[in-house]
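This is what each chain is made of:
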Amino acid sequence: MAALKYNDHFACAGTIISSNKILTAANCFWCRNQPLEECVKNFTVQTGSADLSIDGNLHRVKEIKIFDGYTGKFANDIAVVTLQSEIMFSANEKAASLPDTDITENTVAISSGWGIKTEDSKIDNKLASIEEKILSASKCNEFFLKNGPNIDVDDNDFCAIAASGNNNTGLCVGDTGNPSVVGGTVIGVATYGVGCGKGFPDVFTNVYRFLKFIKSQL
């Protein structure tokens, strides 16, 4: 796991995929409407600590590459960050593997991040994780059509819903970029959720669908 910080404040999460590459969501880089080149100067990446209040290893950002098909909405919401310095791998700093097959529905994945727990709380310094069951984009659209709100999940996304059936568990503010992981392989990047643990599926960018882009940055 990695924490992306904007002007030293937590912005979103990311996944280490090599010694100097972080996989995250493109919508992390709103940067107050600055040009992306200026945005780079204000971002750092913290690795090696599950607690944001405890210093891990801080890395300056060399480059942010956003997928060309990203338009500022949630489709194609994926980016790769290149660090100026190498991550020294250890028990606390490891790279996730990239998938070699597409998602399998009903698989249980783990999503981790530092997002807030309720809509009226603050960013939690301690990393938290939840188990979620994978839903295809089509099944997710069926869910939203039946239960609302009117959301159209892109074919290059998938959804995940609390495996426990607990409607109070799910993504919230600050969880953008969270990885969805199965057995050490990152299969998704959190793009958005509906409310905070309201019983609706969370939406993830499907990493497998963007392997060509990701591997071109390695």
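Scope of this entry: the structure provided in the associated data block. Per chain, residue numbering runs from 1 following the sequence as it is written. With the structure being a predicted model, the display of local features is reserved for residues of pLDDT at least 70 and the display and counting of side-chain atom pairs for 80 or more, all residues being used for whole-chain, interface and lining totals. The basis for every side-chain value is the complete set of non-hydrogen atoms in the structure, without hydrogens or water.

**Remarks on the pattern of salt bridges**
Part 1 of the argument: Every case where a carboxyl oxygen of Asp or Glu lies within 4 Å of a side-chain nitrogen of Lys or Arg is listed as a salt bridge. One pass over the full model with this rule turns up 3 salt bridges.
Part 2 of the argument: For Lys41, the salt bridge identified is with Glu38, shortest N-O distance 3.1 Å. Taken together, the residues Lys41 and Glu38, both in helix α1 (residues 36-42) and 3 residues apart, mark about one turn of the helix.
Part 3 of the argument: A 1.4 Å probe rolled over the protein chains alone gives each residue an accessible area, and that area as a share of the maximum for its type sets the label: buried under 20%, exposed over 50%, partly exposed in between. Under the relative-accessibility criterion, Lys41 is labelled exposed at 53%.
Part 4 of the argument: Classification of Glu38 as partly exposed rests on a relative accessible area of 35%. Helix and strand assignments come from DSSP, with helices taken as H or I runs of at least 4 residues and strands as E runs of at least 2, each series counted from the N terminus.

**Looking at unusual backbone geometry**
Part 1 of the argument: We note that Asn76 has phi near 60 degrees; this positive angle belongs to a residue other than glycine.
Part 2 of the argument: Tracing the sequence through the fold places Asn76 in the loop between β5 (57-66) and β6 (79-83).
Part 3 of the argument: You can call Asn76 buried: its relative accessible area is 16%.

**Structural notes on the sheet that holds β5**
Part 1 of the argument: Here 6 strands make up a closed barrel; going around it, the order is β1-β2-β3-β6-β5-β4 and the pairing antiparallel. Within this sheet the neighbouring strands show an average axis-to-axis angle of 40 degrees, counted without direction.
Part 2 of the argument: A pair of strands counts as paired when DSSP detects no fewer than two bridges linking them. Alignment of strand β3 (residues 21-24) against β6, held across 4 bridges, turns out to be antiparallel. The residue of β6 that forms the bridge with Ile22 is Val81. Every angle, taken between N-to-C directions, lies between 0 and 180 degrees, and every axis is a line fitted to C-alpha atoms, over only the stretch in contact when it is a helix.

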